[in-house]
Amino acid sequence: MSGEARLADYEGIAPAGSLRLVRHLAQGLSGRTFLHVNSTRQGGGVAEILHRLLPLLEEVDVRTRWEVIAGPPEFYAVTKRIHNTLQGADLPFTPGMQDSYLDASREALRHLDLEADLVMIHDPQPAALVDGRKEGTRWIWRCHIDLSRPQRGTWSFLEPFVRRYDGAVFHIAAFARRLPIPCYLIHPSIDPLSEKNRDMDPREVERRVSALGVPLDRPVLLQVSRFDPFKDPLGVIRAFRLVRKVRDCILVLAGGSAADDPEGAEVLARVREEAAGDPDVHVLLLPSDAHADINALQRAATIVIQKSTREGFGLTVAEAMWKGRPVVAGAVGGIVKQVLDGITGHLVHSVEGCAYAVRRLLGDPEGRRTMGRLAKEHARHNLLITRHLADYLQMLRLHVG
Ligand code: UDP
């Protein structure tokens, strides 16, 4: 199923008893209003999960709404700068940028309806909306990025807003900052019933993968990622070449077209140069809605690689684990909370380490199967939307229960 899911559809998929827990958590919250605010309705992990979570909250009788902060093109340029500098980029964040951000925020306050028992503000873009907070409502700031080493100027601009919330939520402890308000940890999640993760008949897998030009006569190594330097696709090719000295296999690097991202286009050009003339390296450019093809590729892969050198949470790892794939991944960001080293896959720190782990796994089909099974169970208990739903219900009980 990839349309709107009902709670009962997760029976037999979510861990046993977890749906009962969800229904119990929802008792006493009936009719409470829960508003989410972010900066886009389409594209990106935050929007993707909100589309799936909100109907489930409604189903347990929490009245949910979703508002989007919009602004002129300068606003998006500024919020991108805020995003990058909060994650440590050494770029200026000027008073002019601060003014555009505050102007867009003031403008949004004129037309957004921010009335709700609990308001969850996602990421820095709408953070200053706390200026419009109504008496008696509770506000939570949900941060989806790594705040451990922000550029001081940007953080000192944003922090006074964040301090006015009733709590802040981070993906993992390593991304959090010390704040004088309660801080919570909630991992993101994947939806096992979405098009990207739903069960898929092996014939459909084969049909889709063949249509992408990927042969299935040899083991397949796969990385699905934006063409971004921190995802290290060139490192993946180097690791593949080391593996290939001793084991026959092919490599698939699948990512978006990067047409609107100059840095991505540059990385893609270098990847293509590196792969040129090697028929066993397949660089696939997929449209943004190629969810079923990504699903098929992940299911067809012998080993999934996510050799990031810097990462947010790394949802591609959760997606692969849910499909029972062993994952060899960089020991960074949220990846270390997903891959149990030596049990569901391997955490690696270098090209050589990646090649070594992949080589060993290729030579050990039984070990791969065991790891894949354990990966799926780990994902079932920790990385599914039903767990996320329970986390949000707990947040509601804590603040407006
Ligand atoms: N993804 C996609 N098409 C692509 C590359 C990635 O749909 O060409 C998806 C991928 O399946 C995952 C998400 O985008 O669901 C990427 O999330 P992740 O947390 O791994 O990385 P991010 O891109 O947010 O850094």
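Since we're looking at a predicted model, the values are computed, not measured.

S.K.: What should I look at first to understand helix α4 (residues 95–111) in this one?
M.R.: Structural remark: α-helix, 3.6 residues per turn; residues separated by three or four positions point the same way. Over its 17 residues, α4 runs 25 Å from end to end, which matches the ideal 24 Å to within 8%, given 1.5 Å per residue. When we look at burial in α4, the residues that qualify are M97, Y101, A104, S105 and A108. Along the axis of α4, the buried residues cluster in a sector spanning 100 degrees; they form a single face. Away from the buried face of α4 by more than 90 degrees, exposed residues P95 and R110 are located. Structurally, α4 contributes buried residues whose contacts are with α3 (73–86) and α5 (152–162).

S.K.: Help me out: how do you make sense of the pattern of salt bridges in this one?
M.R.: Scanning all chains against the criterion turns up 31 salt bridges. Its salt-bridge partner being D146, residue R310 comes within 3.9 Å of it at the nearest N-O pair. Of the two residues, R310 sits in the loop between β10 (303–306) and α10 (315–322) while D146 sits in the loop between β4 (138–142) and α5, which places them 164 residues apart along the sequence. Note on D146: relative accessible area 7%, which makes it buried. Note that R208 and D293 form a salt bridge whose closest N and O atoms lie 3.0 Å from each other. Placement of R208 in helix α6 (residues 202–211) and of D293 in helix α9 (residues 291–300) is noted, with a sequence separation of 85 residues between them. A relative accessible area of 19% places D293 in the buried class.

S.K.: For this particular structure, what's the right way to read unusual backbone geometry?
M.R.: Trans is the prevailing form of peptide bonds, just as negative phi is the prevailing case for residues other than glycine. Phi is positive for D61, which is not a glycine, with a value near 75 degrees. You can see D61 is positioned in the loop between α2 (45–59) and β2 (63–68). Since its relative accessible area comes to 28%, D61 is described here as partly exposed. Residues other than glycine seldom take positive phi values, yet D232 does so here, at roughly 50 degrees. Relative accessible area serves as the criterion here: at 16%, D232 is assigned to the buried category.

S.K.: How do you make sense of the site of the ligand when you look at a structure like this?
M.R.: The ligand sits among 13 residues. The nearest are R226, K231, G256, L315 and E319. Between an oxygen atom of the ligand and a side-chain N or O atom of K231, the distance comes to 2.8 Å. Between the ligand and the protein, one listed contact pairs an oxygen atom with a backbone N or O atom of L315 at 2.8 Å. Burial of the ligand by the surrounding chains reaches 78%, relative to a free accessible area of 540 Å². Broken down by element, the shell around the ligand gets its largest block of residues, three residues, from α10. The residue makeup of the shell around the ligand, split by class, is three nonpolar, five polar and five charged.

So, how was this worked out
- Note on numbering: residues in each chain are counted from 1, in written sequence order.
- Totals for whole chains, interfaces and linings use all residues, but because this is a predicted model, local features are given only for residues with pLDDT of at least 70 and pairs of side-chain atoms are given and counted only at 80 or more.
- Calculated side-chain values reflect all of the structure's heavy atoms, with hydrogen atoms and water omitted.
- Working definition: helices are DSSP H or I runs of at least four residues, strands are E runs of at least two. Numbering for both runs from the N terminus.
- Here a helix's expected span is defined as the number of its residues, less one, multiplied by 1.5 Å.
- When a residue's accessible area, from a 1.4 Å probe over protein chains only, is under 20% of the maximum for its type it is buried; when over 50% it is exposed; and in between it is partly exposed.
- As used here, the arc is the angular range of directions from the helix axis to the C-beta atoms.
- We call two residues in contact when some of their heavy atoms are within 4.5 Å.
- Salt bridges are counted wherever a side-chain nitrogen of Lys or Arg sits within 4 Å of a carboxyl oxygen of Asp or Glu.
- We call a residue near a molecule or strand as soon as one heavy atom of that residue lies within 4 Å of the molecule or strand.
- The term polar contact refers here to a pair of N or O atoms within 3.5 Å; inside protein, the definition further demands a hydrogen-donor-capable atom paired with an acceptor-capable atom, and it admits residues adjacent in sequence only when both atoms are side-chain atoms.
- To measure how exposed things are, a 1.4 Å probe is used in the Shrake-Rupley method; for residues, cover is taken only from the protein chains shown.
- Under the scheme applied, nonpolar residues are Ala, Val, Leu, Ile, Met, Phe, Trp, Tyr, Cys and Pro; charged residues are Asp, Glu, Lys and Arg; polar residues are all the others, including Gly.

Purely geometric numbers; function is a separate question.
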